[in-house]
Each structure stands twice: as structure tokens, then as C-alpha cells.
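# Working through the structure, step by step
Residues per chain are reported as follows:
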Amino acid sequence: MIFYFSINVSFHEFQRYYQGHVDKVEVHDSQGRKLWINGRHFRQFLTRSGVQGDFKLELTDKGELVSLQKI
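Residues numbered from 1 in each chain as written. Predicted model: local features only at pLDDT ≥ 70, side-chain atom pairs only at ≥ 80, totals over all residues. Heavy atoms only, no water.

Next up on the list: the sheet that holds strand β1 (residues 2-10). Strand order across the open sheet formed by 3 strands is β1-β4-β5, with antiparallel pairing between neighbours. Edge positions in the sheet fall to β1 and β5 (65-70), since each of these pairs with one other strand and no more. Across the sheet, the axes of successive neighbouring strands diverge by a mean angle of 30°, strand direction being ignored. (Pairing = 2+ DSSP bridges. Helix = DSSP H or I, 4+ residues; strand = E, 2+ residues; numbered from the N terminus. Axes fitted to C-alpha atoms, helices over the stretch in contact; angles between N-to-C directions.)

Okay, structure coming up:
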């Protein structure tokens with residue numbers, strides 16, 4: 001399964017995920033479906049501005065992460 005979504009989380013907001021206060025990031029894909037993604041998967045995309053941009057999420061049929069790419 002492949003999902004496309006945009007995210008805009010400031011560095012300050014993302015600290016809650018980094019510090020373990022919150023573990024899931026809620027996003028809505030391009031078709032309006034709500035997705036919950038573990039915040040640790042976004043760490044590689046974190047900048048001083050936070051996490052922003054368009055992403056492609058690929059999951060197995062069982063809902064396991066295959067890849068998360070910034071596009």
C-alpha cells in the first residue's frame with residue numbers, strides 16, 4: 001500500500017516526539033485517510049525548521065513500514 005501526504009511540524013512541536021512524550025504523528029493522505037506514523041520514522045528528515053514537505057509512505061499488506069521517502 002502506498003500513501004502520499006504533506007506534513008508541516010515545527011522543530012519545537014517535533015521535540016515532543018523526540019523526547020518520547022508523544023510517539024505517533026497524525027497525518028492525512030492525499031485521499032483524506034487518517035494515518036498514524038511513529039515519530040521516530042521522521043527523525044532523518046528533521047531540520048532546524050522541523051519536518052516539512054511531501055512524503056511517500058509504503059506499507060506491507062499487514063501495515064508494516066517498507067519505506068518513508070521525502071519527495
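So much for the structure itself; the text now carries on.
This paragraph deals with the nonpolar core. By size, the foremost hydrophobic cluster in this structure holds 17 residues, and its most contacted members are Phe5, Ile7, Phe42 and Leu57. Of all elements in the fold, only β1, α1 (11-18), β2 (24-28), β3 (34-38) and β4 (50-59) reach the threshold of two or more residues within this core. (Core = buried A, V, L, I, M, F, W, Y, C linked by side-chain atoms within 4.5 Å. Buried < 20%, exposed > 50% of the residue type's maximum accessible area, 1.4 Å probe, protein only.)

Another point: the environment of Tyr4. Within the secondary structure layout, Tyr4 lies in strand β1. Overall, Tyr4 belongs to the partly exposed group, its relative accessible area being 38%. The spacing of Tyr4 and Gln44 is 40 residues in sequence and 18 Å in space, taken between C-alpha atoms. The residues contacting Tyr4, other than those within four sequence positions of it, are Asp29, Ser30, Phe55, Lys56 and Ile71. (Contact = heavy atoms within 4.5 Å.)

For the rest of this paragraph, the subject is the pairing of β3. Each regular strand displays side chains that alternate between the two surfaces of the sheet. Both β2 and β3 contribute to a ladder of 5 bridges, which runs antiparallel. Residue pairing across strands places Val25 opposite Ile37, the latter belonging to β3.

What follows covers the layout of surface pockets. Approximately 160 Å³ is the volume found for the largest pocket. Every residue lining the largest pocket is listed: Lys24, Leu35, Trp36, Ile37, Asn38, His41, Leu57, Leu59, Gly63, Glu64 and Leu65. A per-element tally of the lining of the largest pocket places β3 first, with 4 residues. Class assignment of the residues belonging to the lining of the largest pocket gives a composition of 6 nonpolar, 3 polar and 2 charged. (1 Å grid on protein atoms, 1.4 Å probe; cavity = no way out; pocket = protein on both sides within 12 Å on 5 of 7 lines; lining within 4 Å. Points joined across faces, edges and corners; volume = space filled by probe spheres on them. Nonpolar A, V, L, I, M, F, W, Y, C, P; charged D, E, K, R; others polar.)

Here we come to the pairing of β5. Bridge analysis of β4 against β5 gives 5 bridges, and the strand direction is antiparallel. Looking across to β5, one finds that Leu57 is bridged to Leu68.

Considering all chains together, one arrives at 4 aromatic pairs under this definition. Judged by centre distance (5.7 Å) and plane angle (80°), the ring pair of Phe42 and Phe55 falls under edge-to-face. Here Phe42, found in the loop between β3 and β4, pairs with Phe55, found in strand β4; they are 13 residues apart in sequence, far enough to count as distant. Phe55 carries the same exposure label as Phe42, and that label is buried. Plain terms: the ring middles of Phe45 and Phe55 are 5.0 Å apart, the flat faces sit at 80° to each other, and that makes the pair edge-to-face. Here Phe55 lies in strand β4 and Phe45 lies in the loop between β3 and β4, a separation of 10 residues in the sequence. (Phe/Tyr/Trp six-rings, centres within 6.5 Å; stacked < 30°, edge-to-face > 60°.)

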